[in-house]
Amino acid sequence: MPRRSARAHLLGLIAVAVLPVWLFAAYLLVEYALHEQSRFEQDALQTARQVSLVVEAELLNLQTILDGLSKSGSLAKGDLKAFGDEARRLAQGTDKIIALRDLDGRQLANTKIAQGEPLPPVDPVTTDERDKLKSGGISVSNVFAAKDTTDYRAAVERRVSGPNGEEWLLSVSVPTARIRDVMLPAVPQGWTVGIGDRHGSYVARSKQHEEMTGKPGLPEYVEKIVGPHGSFTARNFEGTTLLLVTTVLRTLDGFTPPMCRSRKSRRRFGVRSQR
């Protein structure tokens with residue numbers, strides 16, 4: 001059997017000594033990466049929950065307006081002119097629009113339209129919307145815009161009864177930019193948060209809001225939003241793979257979860273960081 005050279009013997013000793021160190025270093029790197037991913041995911045989930053709370057508070061403020069108007073004596077008597085005047089006083093000087101319509105799309109009052117002007121018809125209430133209103137009495141609309149405009153809005157809607165038992169829909173809407181402004185204080189610097197409606201279209205986005213509001217979200221995002229909260233990986237508009245974290249708005253039925261994305265790493269997630 002040939003004898004190994006001293007050099008080969010030395011290299012063997014070095015390999016025996018160094019290989020465990022390399023393996024241990026690799027183990028530490030994997031553990032660190034997993035820990036960092038878990039930490040970022042928890043940060044993103046916490047951000048999404050904070051955004052949910054502030055947006056829900058705004059929606060509940062709008063619901064309070066509807067609760068008050070639903071008890072209006074003018075509404076109970078069917079005095080639509082007096083009710084319209086009452087609604088106008090509440091909406092005056094704000095970006096809110098208060099409207100009353102029947103389920104077939106006939107408008108009965110609208111604070112955006114001057115008193116005495118004809119009220120144009122709107123889309124009738126869908127079967128799905130009727131079911132939601134019957135079960136809960138109140139809902140949040142999908143993002144919408146008036147015909148031939150880019151004034152995207154979202155509304156809180158409440159079922160009310162006319163003087164003869166008619167089913168009417170009372171709503172108060174605000175620009176989606178208001179939802180964006182409400183959630184911005186809860187978004188950490190460098191992160192991006194988006195809120196979608198039931199159809200998966202953007203309602204509000206903490207960055208590039210004007211470009212994104214009203215537009216459909218990426219299908220690979222929307223199809224993976226299930227359950228009260230969760231996380232998943234998907235590619236963004238720029239082709240970067242991100243881990244997204246979602247949580248639901250629990251108080252009112254309507255909006256899908258805020259999605260948090262971070263680009264601090266190309267393999268990180270949800271709340272997208274532009275740093």
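The model shown is predicted, which means the values in this text are computed figures rather than measured ones.

## Some thoughts on the overall build of the chain
Looking only at helices and strands, the chain has seven helices and eleven strands in total. Residues classed as buried in the chain amount to 43% of the 275 residues present. Working note: accessible area of the chain is about 15,200 Å², and carbon and sulfur atoms make up 55% of it.

## A closer look at empty space enclosed by the protein
Rolling a probe over the atoms, with the probe sized like a water molecule, indicates the empty space that remains. Going through the model one piece at a time under the given rule, you end up with one cavity of 30 Å³ or more. Taken as a whole, the largest cavity holds about 40 Å³ of empty space. Lining the largest cavity, in full, are Leu-103, Arg-130, Leu-133, Lys-134, Arg-159 and Glu-167. It is helix 4 (residues 127-136) that contributes the most residues to the lining of the largest cavity, three residues altogether. Of the residues that constitute the lining of the largest cavity, the class distribution is two nonpolar, no polar and four charged.

## Concerning the nonpolar core
Val-51, Leu-100 and Leu-170 are the most contacted members of the largest nonpolar core, which totals 34 residues. A total of seven residues in this core trace back to one element, the largest contributor, which is helix 1 (residues 6-70). By size, the runner-up hydrophobic cluster in this structure holds six residues, among which are Tyr-202, Leu-218, Tyr-221 and Ala-234.

## Digging into helix 5 (residues 176-183)
Of all the residues in helix 5, the buried ones are Thr-176, Ile-179, Arg-180 and Met-183. Along the axis of helix 5, the buried residues cluster in a sector spanning 100 degrees; they form a single face.

## Overview of the pairing of strand 5 (residues 152-161)
Relative to strand 5, strand 3 (residues 138-140) runs antiparallel, the two being bridged by three bridges. The partner of Ile-138 across the bridge, within strand 5, is Arg-158. Here strand 4 (residues 144-145) pairs with strand 5 via two bridges, running antiparallel. Across the sheet, the residue bridging to Phe-144 is Arg-153, located in strand 5. Linkage of strand 4 to strand 5, two consecutive antiparallel strands, is achieved through a turn of six residues, within which Asp-148 is found at a positive phi near 65 degrees. Following strand 5, the chain reverses through five residues before pairing antiparallel with strand 6 (residues 167-175); Gly-165 in that reversal takes a positive phi of roughly 85 degrees.

## Focus: the layout of surface pockets
Approximately 860 Å³ is the volume found for the largest pocket. Forming the boundary of the largest pocket are 31 residues, of which Val-122, Asp-123, Phe-144, Ala-145 and Ala-146 lie nearest the centre. Put simply, the parts of the chain that give the lining of the largest pocket at least two residues each are strand 1 (97-102), strand 2 (107-110), strand 4, strand 5 and strand 6. Ranked by the residues each element gives to the lining of the largest pocket, the list is headed by strand 1, at four residues. When its residues are assigned to classes, the lining of the largest pocket shows 15 nonpolar, eight polar and eight charged.

## Structural notes on the confidence of the model for the chain
A residue-level look at the chain finds 68% of positions with pLDDT of 70 or above and a mean pLDDT of 78. Ignoring residues within four places in sequence, the model shows residues 262-275, a span with pLDDT below 50, making 66 contacts including any to other chains.

## Things to note about the pattern of salt bridges
Within this structure, the stated rule accounts for ten salt bridges. Between Arg-130 and Asp-104 there is a salt bridge, and its shortest N-O distance comes to 3.5 Å. Note that Arg-130 is positioned in helix 4 and Asp-104 in the loop between strand 1 and strand 2, a separation of 26 residues in sequence. Exposure remark for Asp-104: the relative accessible area of 61% places this residue in the exposed category. Each of the salt bridges in this network shares a partner with another, and the network as a whole consists of Glu-58, Asp-95 and Arg-178.

## Some thoughts on the pairing of strand 1
Counting buried positions along strand 1 yields six of six residues, so the element is predominantly enclosed. One ladder, built from six bridges, connects strand 1 with strand 6; its direction is antiparallel. The residue of strand 6 that forms the bridge with Ile-97 is Ser-173. The sheet contact formed by strand 1 and strand 2 spans three bridges and is antiparallel. Within strand 2, the residue paired with Ala-99 across the bridge is Asn-110.

## Describing the side chain of Ser-72
Its place among the elements puts Ser-72 in the loop between helix 1 and helix 2 (73-77). Separated by 3.2 Å, the side chain of Ser-72 and the backbone nitrogen of Ser-74 make a polar contact. If sequence neighbours within four positions are ignored, Ser-72 has contacts with Phe-83 and Glu-86.

Reading the values: rules and limits
- Residues numbered from 1 in each chain as written.
- Predicted model: local features only at pLDDT ≥ 70, side-chain atom pairs only at ≥ 80, totals over all residues.
- Heavy atoms only, no water.
- Helix = DSSP H or I, 4+ residues; strand = E, 2+ residues; numbered from the N terminus.
- Buried < 20%, exposed > 50% of the residue type's maximum accessible area, 1.4 Å probe, protein only.
- Areas by Shrake-Rupley, 256 points an atom, 1.4 Å probe, with all protein chains shown as cover.
- 1 Å grid on protein atoms, 1.4 Å probe; cavity = no way out; pocket = protein on both sides within 12 Å on 5 of 7 lines; lining within 4 Å.
- Points joined across faces, edges and corners; volume = space filled by probe spheres on them.
- Nonpolar A, V, L, I, M, F, W, Y, C, P; charged D, E, K, R; others polar.
- Core = buried A, V, L, I, M, F, W, Y, C linked by side-chain atoms within 4.5 Å.
- Arc of directions from axis to C-beta.
- Pairing = 2+ DSSP bridges.
- pLDDT = per-residue confidence, 0-100.
- Contact = heavy atoms within 4.5 Å.
- Salt bridge = Lys/Arg side-chain N within 4 Å of Asp/Glu carboxyl O.
- Polar contact = N/O pair within 3.5 Å; in protein donor to acceptor, adjacent residues only side chain to side chain.

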